[in-house]
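Here are the chains, one letter per residue:
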Amino acid sequence: MVLELRNIDKSFGEKSVLKGVSFTAEGGKAFGLLGRNGAGKTTTIRILMNVFPASGGEVLLDGRPIDYDRIGIGYLPEERGMYPKKRIIDQLVYFAELKGMSARDATRSIDSWLERLGMSEHRDRRLDTLSKGNQQKIQLITALAHDPQIVILDEPFSGLDPVNAMLLKDVVKEQIAKGKIVLFSSHQMSYIEEFCDSIAIINAGKVAISGDLHEIKRTYPRDKLVVSTTKPEQIKANFGEACTEREDASLLIRLATPDDKQATMKRLVENYDIDEVKVFEPSLNDIFVEYAGAQV
C-alpha cells in the first residue's frame, strides 16, 4: 500500500492552516509526521482520517481516492479519549463495534490484545482505576483491535515506563511487519529515529522537508568527524579550535574540506588511543530544530 497526501489545503474561515501539504507513506514502513505545536500536524491527521474534509488536494491510497468504507484506520490520540468511569471491556467492545466489528469478534480480538499487553486482569475494572501507562495500553487496543490497514500513533510512548515502552515497540514492529502503514507523530525524536524510514516536517502549514531520513542526513556536508577516546586532552590540544567537546564527552573535529576525511581518520588512529571515529551525521533532533525551529 502507498498512502499519498497531495497538495492538501485547509482553511477555517479566513485562517489558512495547511498550505499544499504533500507526502507519501508506504506499507511495511513507519513514517514520522513532525512539527511544533500549532504547525498543522493534527489538522493533517484529521483530514487523513476523514474527520473533516480538506479545502483542496487529495488523499490517495495506491493512486486512488481513499475509500473510508473499505480501509480501516486505527488512531491512538495524544489526549485520552475514553470513558474513565466505564468498564474497560464494555467500552473497548463499543469502540470496536463503531469500527464495524461484531460484538463476538470484537470481544475475541480485545481479549487477545489484553493478554498480549498483560492487561487481562483489568478487563472488568473501570478505566480510572489504572495508572497512566496502563490507560495508554488500553487506548492502544482501541486503535488495533479492528486490525486496521493504517495505524496512526500520536505520542504513543507518553506515560510509559521503560518496560512498557519496550512492549509497545514490539507491538509497533509487528504492525510494520504485517505490511501496514504506520504513521508516527511525536516530539520524542529518539523513537521517530528508531522506527521511521521517512519523515515530513511541517512548519506553519507547509512541508519544510520530507523524504527518506537516511538520505536527508546524507545531504549534509560530511566535513566533521566524531571521535571517542579515553584521552581527549591531547587531541584537543593538537587540533586546536577545529576540535570541540560534545555533551556525551566525544570530540567533534571540523575538517577544512570533506576530502580531508580519510587522511584525518588515519592520523587519529595511528597517533592516538581511539575507541571510535566516524563521520558526523546530524541527529533527527538537529534536523527538526533547523526546519521547524522558526515559524515561517
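Keep in mind that this is a model prediction, so the values were computed, not measured.

1. Quick look at the sheet that holds strand β2 (residues 15–26)
Thinking step 1. Strand order across the open sheet formed by four strands is β2-β1-β4-β5, with antiparallel pairing between neighbours. Two strands bound the open sheet, and with one partner strand each, they are β2 and β5 (64–65).
Thinking step 2. As judged from the nine bridges shared by strand β1 (residues 2–12) and β2, these two strands associate in the antiparallel manner. Bridging from a neighbouring strand, Lys10 pairs with Leu18 of β2.

2. A short note on the side chain of Thr44
Thinking step 1. In this fold, Thr44 is placed in helix α1 (residues 41–48).
Thinking step 2. Beyond its immediate sequence surroundings of up to four residues, Thr44 is in contact with Leu5, Leu18, Val21, Phe23, Leu33 and Ile202.

3. Observations regarding the pattern of salt bridges
Thinking step 1. Overall, the coordinates contain 19 salt bridges when judged by the stated rule.
Thinking step 2. With a shortest N-O distance of 3.5 Å, Asp223 and Lys224 are connected by a salt bridge.
Thinking step 3. Each member of the salt-bridge network shares a partner with another, and the members are Arg87, Asp90, Asp111, Arg123 and Asp124.

4. Concerning helix α3 (residues 103–116)
Thinking step 1. Its 14 residues place the ends of α3 20 Å apart at the C-alpha level, agreeing with the 20 Å of an ideal helix rising 1.5 Å per residue.
Thinking step 2. Every buried residue of α3 is accounted for by Ala106, Ser109, Ile110, Trp113 and Leu114. End-on view of α3: buried residues confined to an arc of 140 degrees, all on one side of the axis. Turned more than 90 degrees away from the buried face of α3, the exposed residues are Arg104 and Glu115.
Thinking step 3. Of the surrounding secondary structure, the elements contacted by the buried residues of α3 are α2 (88–98), α4 (132–144) and α5 (162–177).

Rules and cut-offs
- Residues numbered from 1 in each chain as written.
- Predicted model: local features only at pLDDT ≥ 70, side-chain atom pairs only at ≥ 80, totals over all residues.
- Heavy atoms only, no water.
- Pairing = 2+ DSSP bridges.
- Helix = DSSP H or I, 4+ residues; strand = E, 2+ residues; numbered from the N terminus.
- Contact = heavy atoms within 4.5 Å.
- Salt bridge = Lys/Arg side-chain N within 4 Å of Asp/Glu carboxyl O.
- Expected span 1.5 Å × (residues − 1).
- Buried < 20%, exposed > 50% of the residue type's maximum accessible area, 1.4 Å probe, protein only.
- Arc of directions from axis to C-beta.

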